[in-house]
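# A closer look at the structure
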Amino acid sequence: MAERQERAMLPEDRLEDVYEDAPVGYVSTDRDGLLLRVNRTLLGWTGYEAEELLGRKRLYDLLAPGAKIYHETHYAPLLHLQGAVREIAVELLRADGTRLPVLLNSTLVADADGEPVEIRTTVFDATERRRYERELLRARADAEDRARAALALEHVNEAVLLVGPTGRIEVANRAAAKIFGEGAEPGRAADALPGWAPLVARIPLSGPRDAPRRAVLPLLHEQERRWLETAGVETGEGVVYTIRDVTSEQELEQLRRDVVAVVSHELRTPLTGALGAAQTLLARFDDLPDDARRGMLDMIVGQGERLKRIIDQMLLSSELDEGVLDTGRAAFDAAALVRRLPALLA
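Each residue is numbered by its place in its chain's sequence as written, counting from 1. In view of the model being predicted, local features appear only for residues whose pLDDT reaches at least 70, and side-chain atom pairs are presented and counted only at 80 or more, with totals across whole chains, interfaces and linings using the full set of residues. With hydrogens and water set aside, each side-chain value is computed from the structure's full complement of heavy atoms.

Attention now goes to the pairing of strand β4 (residues 99-110). Pairing between strands is defined by DSSP: at least two bridges between the two strands are required. Comment: elements are numbered from the N terminus, with helices defined as DSSP H or I runs of at least four residues and strands as E runs of at least two. By the bridge criterion, 8 bridges tie strand β3 (residues 84-93) to β4 in an arrangement that is antiparallel. Bridge assignment links Val 90 to a residue of β4, and that residue is Val 102. Between β3 and β4, which follow one another and run antiparallel, lie 5 residues, and Gly 97 among them has a positive phi close to 90°. Relative to strand β5 (residues 116-125), β4 runs antiparallel, the two being bridged by 9 bridges.

Here's what the structure looks like:
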């Protein structure tokens, strides 16, 4: 056993090489941090010569500004309190002014009386670790952004579908399922959606940097017609379709057109009668007997009153819709009102 241990012991010059060329940096300082010894590994990382550091600078002097504050407020107090610190992340300033992220493990060495005499520090190059941590943070931020985007996507009123180059749905939100049913799910073929094929053929497509072009198109399915406001944007990895159900708006617009047509007819009828009577009076006033002239004037007044009633009813309807009608309570004769209805509706 003794012989085997003797063979395993390295010569002193080899031990020196192990120290100088270790895969980590070694630093020895006095109790105040003055550099006493630095191995070749750390000198190579920082670009300094031993003569520039030993007996001239403290470990504190090699720290970046932010790390110097941390050294004074955390590193040094903990080291003297606990006798050791582990994995302290700081940045060293290289000779050329660039920064080297490192991890420091330090141990306080005391003499026989317990007085601190030396600080031994192991320095680990944390460049790759720092890069990995940044990538993790970036990936986490990207994941959080995607989660927020997905949450927002689920709560917008417009249906959103991302259809890939193969025709399969890659993204579909809740509003898409309301319009197209349960088939609007990632992984499903878009052509399987009810009414999709004739609809998508007419949806205008825009480039990723162009303003979307929208079109209101009908969706026919099982004898039901729905109106959809649609737009598509080509992304290079597929097409993003935004679709909004505007059926109620289309129905309201159609109702508006119908009302305009009815009102136009109702206004034209009394207006035509009053205008015809007025033109006749102007053209033949002297030739007409008094009773004919009076009859035409009565017609003009009657048609004018009818026209006024129609306009009043339109204004009343508008005030009711806007909730601004000023109403009050008053007693009235219901029987008399019923008797007058034929005349009011004439």
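Criterion for a salt bridge: a side-chain nitrogen of Lys or Arg within 4 Å of a carboxyl oxygen of Asp or Glu. In the structure shown here, the tally under the stated rule is 18 salt bridges. One salt bridge in this structure joins Glu 158 and Arg 214, with 3.9 Å as the shortest N-O distance. Here the residue Glu 158 occupies a position in the loop between α6 (127-154) and β6 (159-163), and Arg 214 occupies one in the loop between β8 (205-206) and β9 (215-221), the gap between them amounting to 56 residues. Ionic pairing is found between Glu 185 and Arg 188, a salt bridge with its closest N-O pair at 3.7 Å. The cut-offs for exposure are 20% and 50% of the maximum accessible area for each residue type, with area from a 1.4 Å probe on protein chains only; residues under the lower value are buried, those over the upper are exposed, and the others partly exposed. Here Arg 188 falls in the partly exposed class, since its relative accessible area comes to 41%.

Centre distance within 6.5 Å is the pairing criterion for rings of Phe, Tyr and Trp, where only the six-membered ring of Trp is used; planes under 30 degrees apart are then read as stacked, over 60 as edge-to-face, and the remainder as tilted. Applying the stated rule across the entire model yields 3 aromatic pairs. An angle of 80° between the planes, with centres 5.7 Å apart, marks the rings of Phe 180 and Trp 196 as edge-to-face. Placement of Phe 180 in helix α7 (residues 174-180) and of Trp 196 in helix α8 (residues 196-200) is noted, with a sequence separation of 16 residues between them. Judged by its relative accessible area of 4%, Phe 180 is buried. Judged by centre distance (5.2 Å) and plane angle (90°), the ring pair of Trp 196 and Tyr 241 falls under edge-to-face. Residue Trp 196 is located in helix α8, and its partner Tyr 241 is located in strand β11 (residues 239-245); the two are separated by 45 residues in the primary sequence. This pair shows no difference in class: Trp 196 is buried, exactly as Tyr 241 is.

This part covers the side chain of Thr 46. Examined against the element boundaries, Thr 46 turns out to sit in helix α3 (residues 40-46). Residue classification places Thr 46 among the buried residues on the basis of a relative accessible area of 4%. Residues contacting Thr 46, with those up to four places away along its chain left out, are Leu 92, Arg 94 and Ala 95. Whether two residues are in contact is decided by their heavy atoms, any of which lying within 4.5 Å being enough.

A word on the pairing of β11. For a regular strand, side chains alternate in direction, first toward one face of the sheet and then toward the other. Pairing between β6 and β11: 5 bridges, direction antiparallel. Residue Leu 162 lies in a different strand from β11, and its bridge partner there is Val 240. Note: strand β10 (residues 224-234) against β11, 7 bridges, orientation antiparallel. Looking at β11, one finds that Ala 231 is bridged to Thr 242.

Residues are said to line a cavity or pocket when one of their atoms sits within 4 Å of a point; the points come from a 1 Å grid over protein atoms alone, cavities being sets where a 1.4 Å probe fits but cannot get out and pockets being open sets with protein on both sides within 12 Å along at least five of seven lines. Grid points are joined across faces, edges and corners, and a volume is the space filled by probe spheres set on the points. Under the criterion given, the structure shown has 1 cavity of 30 Å³ or more. Roughly 30 Å³ of internal volume is contained in the largest cavity. What lines the largest cavity is simply Leu 63, Tyr 70, His 71, Tyr 75, Ile 88, Val 90 and Leu 104. Of all the secondary-structure elements, those providing two or more residues to the lining of the largest cavity are α5 (65-82) and β3. No other element matches the 3 residues that α5 contributes to the lining of the largest cavity. Taken together, the residues of the lining of the largest cavity sort by class into 6 nonpolar, 1 polar and no charged. Any residue that is not Ala, Val, Leu, Ile, Met, Phe, Trp, Tyr, Cys, Pro, Asp, Glu, Lys or Arg is counted as polar, Gly included; the first ten are nonpolar and the last four charged.

Once that is clear, we can look at the environment of Ala 215. Inspection of the secondary structure assignment puts Ala 215 in strand β9. Accessibility expressed as a relative area gives 18% for Ala 215, which makes it buried. In this structure, the C-alpha to C-alpha distance between Ala 215 and Ala 231, residues 16 residues apart in sequence, is 6.6 Å. What Ala 215 contacts, discounting residues up to four positions off in sequence, is Pro 204, Leu 228, Glu 229 and Thr 230.

Okay, the nonpolar core next. To qualify as a nonpolar core, a set must consist of buried Ala, Val, Leu, Ile, Met, Phe, Trp, Tyr and Cys residues joined through side-chain atoms within 4.5 Å. Ranked by internal contacts, the top residues of the largest apolar core, which has 23 residues, are Leu 35, Tyr 75, Val 90, Leu 92, Val 102, Leu 104 and Val 123. Broken down by secondary-structure element, the contributors of at least two residues to this core are β2 (35-38), α3, α5, β3, β4 and β5. Tyr 75 has contacts with Leu 59, Tyr 70, Val 85, Ile 88, Leu 104, Ser 106, Ile 119 and Thr 121, leaving out every residue within four places of it along the chain. With 22 residues, the next largest nonpolar core counts Ile 169, Ala 190, Leu 228 and Val 239 among its residues.

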